[in-house]
Amino acid sequence: MITTLILVPLAGALFVSAARPNRARGVALGFNALTAILALILWRNFDATAIGLQLIERHAWVPAIGAEYLVGVDGLSLLLVLLTSLIIPFAFFAQRAGPGFCALMLLMQSALYGTFTAQNFLLWFLFYEMSLIPAFLLIKIWGGENRDRAATKFFVYTFLGSVAMLLSFLGIYFAKGTFDFAALADLGKHGLLSGNVAWLAFAGIFLGLAVKVPLFPFHTWLPDAYETAPTGVSMVLTGVLSKMGVYGFVRLLLPLFPNEIKILAPWLLALAACSIVFASLAAWAQRDLKRMIAYLSINHLGYCTLGLFAVMATTSRPLIDTQAALSGVFMQIFNHGVTAAALFYFVGLLEQRRGLRGIGDFGGLMQRTPLLCGCIASLCFRRSVCPDSTDSSENS
């Protein structure tokens, strides 16, 4: 069932490529409906009372190096699969799209499903990189002003982070002889590696995931990419792709390097706090609505990483407290995916109708579009736009 979920968007990309330009979005939405049905079936068949992976599918792939086709879902994986199935269709509704745009979006959707369900590092890494290539092309080809610079910056940051992560896992494989996440997590309980090798492996994986979240100070690619990307792409970048980094922290870093995280916990908590505070101040200073929401996205994800690092900061924490903290992190991941994507969607609506997206370009908007402003206010957006709101038309 999981394999079918991954393959349906790939088939959709092929069909969309051959479709007429005026029918491409309809075909893409049809395949999105199929994936949504499959995701709901996964949810219905998932036993929330059971512990560990479910609906596992395992096949030999490259036995010589311990690579397997191994997919499965747990609570976090299923949550992100459902989030992907929810965000992608609305991204198609957000703008007109031709065959090339729709095909790349479906390719990215397939890669996201694979990333959130793969349980072997090589398979996971292939899906992880496969999701970045369509994002780069979508920004590069359909982006707005300065799209070349934004796409190049996005590629350089993510490529360097991916290389560092790959080198770290190759070192782990040569030391332990496996790429399986569950096996590595069992080894991590007693110390996966030792000495400087452990710290080098930790640093490589941390760098790759911190860039993707992004965590301060590895965040500087994000505002340019989100501002330049088309509305639908910005929705997917903030709603789903940014969750790959947080998911990687939960799936890889926390189980494999618990001792290293405990030692560095004060510094990691400080980085998360910097992401929260500095991103908020940067958002306050922006006059472009998309760029402001981009900084707010960094702020919200900072709370997710703060919760994760706080879980590992102490060794005497009761199990119920740990479960409560992780539940809060997962809820924030899902909530941020929905609300941040919705905010980009609203800004896209304003930009389509007026060709503008500056804060000072919409004085008195509440009087003309009360429903839209009500939706935005319900997402706590207006407070960010008007921290010192007065009765003047410009601030309103």
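The structure we're discussing is the one just above.
Worth saying up front: this structure is predicted, and the values here are computed from it rather than measured.

Draft legend 1. Fine view of the overall build of the protein. When helices and strands are tallied, the protein shows 17 helices and two strands. Judged by the C-alpha coordinates and their principal axes, the protein covers about 65 × 50 × 40 Å. Classification of the 396 residues of the protein by burial places 52% in the buried group. Contacts in the protein between residues at least 24 apart in sequence constitute 77% of all its contacts with a sequence separation of at least 6. Summed over its atoms, the accessible surface of the protein is roughly 17300 Å², and 64% of this surface lies on carbon and sulfur atoms. When the 26 positive and 19 negative side-chain charges of the protein are each reduced to one mean point, those points stand 6 Å apart.

Draft legend 2. Spotlight on the packing of helix α8 (residues 195-212) against helix α12 (residues 258-285). It is at 12 Å that the axes of α8 and α12 come closest, and there the two elements cross at 35°. Seen along the crossing, α8 lies across α12 with a hand that is right-handed. When α8 is examined against α12, the residues Ala198, Trp199, Phe202 and Phe206 are found in contact with a partner set consisting of Glu260, Ile261, Ile263, Leu264, Leu268 and Leu271. When grouped by side-chain class, the residues that make up the contact of α8 with α12 number nine nonpolar, no polar and one charged.

Draft legend 3. Examining the nonpolar core more closely. Residues Met105, Phe121, Trp124, Met165, Phe169, Phe206 and Leu253 are the most contacted members of the largest nonpolar core, which totals 127 residues. Per-element accounting of this core gives the leading share, twelve residues, to helix α13 (residues 289-311). Those residues in contact with methionine 165, other than ones at most four positions away along the chain, are Phe121, Trp124, Phe125, Tyr128, Gly204, Ile205 and Leu209.

Draft legend 4. Expanded view of the pattern of salt bridges. Scanning all chains against the criterion turns up seven salt bridges. With its nearest N and O atoms 3.0 Å apart, the salt bridge here joins arginine 149 to aspartate 224. Note that arginine 149 is positioned in helix α6 (residues 147-176) and aspartate 224 in helix α9 (residues 221-228), a separation of 75 residues in sequence. Owing to a relative accessible area of 9%, aspartate 224 belongs among the buried residues under this scheme. Note that glutamate 227 and arginine 291 form a salt bridge whose closest N and O atoms lie 2.7 Å from each other. With glutamate 227 in helix α9 and arginine 291 in helix α13, this residue pair connects regions lying 64 residues apart in the sequence. Taking the relative accessible area as the measure of exposure, arginine 291 reaches 18% and is therefore buried. The network of salt bridges with shared partners includes Arg149, Lys153, Asp224, Glu227 and Arg291.

Draft legend 5. The environment of threonine 238, seen in detail. Assignment of secondary structure puts threonine 238 in helix α10 (residues 231-241). Along the backbone, threonine 238 and serine 297 are 59 residues apart, and their C-alpha atoms lie at a distance of 6.9 Å. With residues up to four places along the chain from it excluded, the contact list for threonine 238 reads Tyr226, Lys243, Ser297, His336, Ala340, Ala341 and Phe344.

Draft legend 6. Spatial organisation of the packing of aromatic side chains. In this structure the tally under the stated criterion is 24 aromatic pairs. Ring plane angle 80° and centroid distance 6.5 Å describe the contact between phenylalanine 206 and phenylalanine 218, whose orientation is recorded as edge-to-face. Here phenylalanine 206 is found in helix α8, whereas its partner phenylalanine 218 is found in the loop between α8 and α9, with twelve residues between them in sequence. Of the residues examined, phenylalanine 218 reaches a relative accessible area of 22% and is grouped as partly exposed. An aromatic cluster is defined as three or more aromatic residues linked by ring pairs; in this entry it consists of Phe121, Trp124, Phe125, Tyr128, Phe169, Tyr173, Phe174 and Phe179.

Criteria and cut-off values
Residues numbered from 1 in each chain as written. Predicted model: local features only at pLDDT ≥ 70, side-chain atom pairs only at ≥ 80, totals over all residues. Heavy atoms only, no water. Helix = DSSP H or I, 4+ residues; strand = E, 2+ residues; numbered from the N terminus. Buried < 20%, exposed > 50% of the residue type's maximum accessible area, 1.4 Å probe, protein only. Contact = heavy atoms within 4.5 Å. Areas by Shrake-Rupley, 256 points an atom, 1.4 Å probe, with all protein chains shown as cover. Lys, Arg positive; Asp, Glu negative; His and termini not counted. Charge placed at Lys NZ, Arg CZ, Asp CG, Glu CD. Axes fitted to C-alpha atoms, helices over the stretch in contact; angles between N-to-C directions. Left-handed = near helix turned anticlockwise from the far one by under 90°. Nonpolar A, V, L, I, M, F, W, Y, C, P; charged D, E, K, R; others polar. Core = buried A, V, L, I, M, F, W, Y, C linked by side-chain atoms within 4.5 Å. Salt bridge = Lys/Arg side-chain N within 4 Å of Asp/Glu carboxyl O. Phe/Tyr/Trp six-rings, centres within 6.5 Å; stacked < 30°, edge-to-face > 60°.

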